[in-house]
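# Working through the structure, step by step
Here is how the chains run, residue by residue.
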Amino acid sequence: PTTFVPAAENIPVPDNYVLGPGDKIKVEIYGASTHTQSQFVTRSGTITIPRLGPVVVSGLTLKEARAFVTKKVSVGLIGNEVFLTLGQLRSINIYILGAAYQPGAYTVSSLATLTNALFVSGGVNEGGSLRNIQLKNQGKIIGTLDLYDLILKGDTSGDSRLKEGDVIFIPFLDKRARTDGFFNNPGLCE
């Protein structure tokens, strides 16, 4: 598969979700006047508040955007309150490279994590490392994932949320040993 956009309508969006172009915002103004409007964050990172004009929300978390828009409305539209919610989520483009089963470019939900993307690409191929999966952005390693910790211990601490342009690099196996005989899981181990 080259595209993976899960049905995000039913997923609760955390307050620390960072808004960006392509996210759909619903603005409800009520009080002295009532107005409801749904709009996408523009490429310049703005939404338009009725009777106030454009407001930059790109790069703000959902919580910060709510506070910022509430302050703008309370100052500019006296006697009104605002409620801001997130509707449709944007998609982001990422790359899965190295020893992936199906390396390439993928389009995923902006709520996707490193493990979501690995599942989409078919995972790690037979020659790939399960212990040192690297998350890179602009050539720098910003996180690593050890799938042994995830599979054997249920530890999801290395499972990071992805951002536009992230690269998941799966290095090839460096050190390995083969177990055979009366083991619970005989085979190649890293």
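Remember, predicted model here, so these are calculated numbers, not experimental data. (Residues numbered from 1 in each chain as written. Predicted model: local features only at pLDDT ≥ 70, side-chain atom pairs only at ≥ 80, totals over all residues. Heavy atoms only, no water.)

## Thoughts on the environment of arginine 176
With respect to the helices and strands, arginine 176 occurs in the loop between strand S11 (167-170) and strand S12 (177-179). Classification of arginine 176 by relative accessible area gives exposed; the value is 53%. Contacts of arginine 176, omitting those with residues within four sequence positions, involve Leu188, Cys189 and Glu190. (Helix = DSSP H or I, 4+ residues; strand = E, 2+ residues; numbered from the N terminus. Buried < 20%, exposed > 50% of the residue type's maximum accessible area, 1.4 Å probe, protein only. Contact = heavy atoms within 4.5 Å.)

## Some points on the confidence of the model for the protein chain
Taken over all residues, the pLDDT of the protein chain has a mean of 86, while the share at 70 or more is 94%. Least confident of the elements in the protein chain is strand S1 (residues 3-4), whose mean pLDDT is 50; most confident is S11, at 96. (pLDDT = per-residue confidence, 0-100.)

## Concerning the pattern of salt bridges
For the structure on display, the rule yields 4 salt bridges. Here arginine 90 ties to aspartate 23 by a salt bridge, and the two come within 2.4 Å at their closest N and O atoms. Residue arginine 90 is located in the loop between strand S6 (80-86) and strand S7 (91-98), and its partner aspartate 23 is located in the loop between S1 and strand S2 (24-31); the two are separated by 67 residues in the primary sequence. As a salt-bridge pair, lysine 153 and aspartate 149 come within 3.5 Å of each other at their nearest N and O atoms. In this pair, lysine 153 and aspartate 149 both sit in helix H3 (residues 147-153), 4 residues apart, roughly one turn of the helix. Aspartate 149 sits in the partly exposed class, given a relative accessible area of 22%. (Salt bridge = Lys/Arg side-chain N within 4 Å of Asp/Glu carboxyl O.)

## Focus: the pairing of strand S8 (residues 104-109)
As defined by bridge partners, S7 adjoins S8 across 6 bridges and the pair is classed as antiparallel. Residue pairing in the sheet places asparagine 93 in a bridge with threonine 107 of S8. The turn joining S7 and S8, which pair antiparallel and follow one another in sequence, is formed by 5 residues. (Pairing = 2+ DSSP bridges.)

## Quick look at the pairing of strand S3 (residues 35-40)
One face of the sheet, then the other: side chains in a regular strand alternate in exactly this way. As paired elements, S2 and S3 share 6 bridges and run antiparallel to each other. Among the inter-strand pairings, valine 27 is bridged to a residue of S3, identified as glutamine 37. Between the antiparallel neighbours S2 and S3 lie 3 residues.

## Topic: the sheet that holds S2
Backbone-to-backbone hydrogen bonds join strands into a sheet, with any given pair of strands oriented parallel or antiparallel. Judged by pairing direction, the sheet is antiparallel, and its 3 strands sit side by side in the order S3-S2-S6 without closing on themselves. Both outer strands of the open sheet, S3 and S6, are each paired with one neighbouring strand and no more. With direction set aside, neighbouring strand axes in the sheet form an average angle of 20°. Pairing analysis gives 7 bridges linking S2 to S6, with the strands arranged antiparallel. When the bridges of S6 are listed, isoleucine 29 appears paired with valine 82. (Axes fitted to C-alpha atoms, helices over the stretch in contact; angles between N-to-C directions.)

## Thoughts on helix H1 (residues 62-76)
An α-helix turns once every 3.6 residues. As a result, residues three or four positions apart point the same way. Taking 1.5 Å of rise per residue, 15 residues should cover 21 Å, and H1 covers 21 Å from first to last C-alpha, within 8% of that figure. Summarising the contacts, the buried residues of H1 are in contact with strand S4 (46-49), strand S5 (53-56) and S6. (Expected span 1.5 Å × (residues − 1).)

## What to know about the environment of isoleucine 141
As for its placement among the helices and strands, isoleucine 141 is situated in strand S10 (residues 140-145). Each C-alpha atom, one on isoleucine 141 and one on threonine 115, is 16 Å from the other, the two residues being 26 residues apart in sequence. If we skip the residues at most four places from it in the chain, isoleucine 141 touches Gln134, Leu135 and Lys136.

## Describing the environment of lysine 175
Relative to the assigned elements, lysine 175 resides in the loop between S11 and S12. The class of lysine 175 is exposed, set by a relative accessible area of 63%. Measuring from C-alpha to C-alpha, the distance between lysine 175 and alanine 67 comes to 51 Å, with 108 residues separating the pair along the chain. For lysine 175, the residues in contact, after removing those within four places along its chain, are Cys189 and Glu190.

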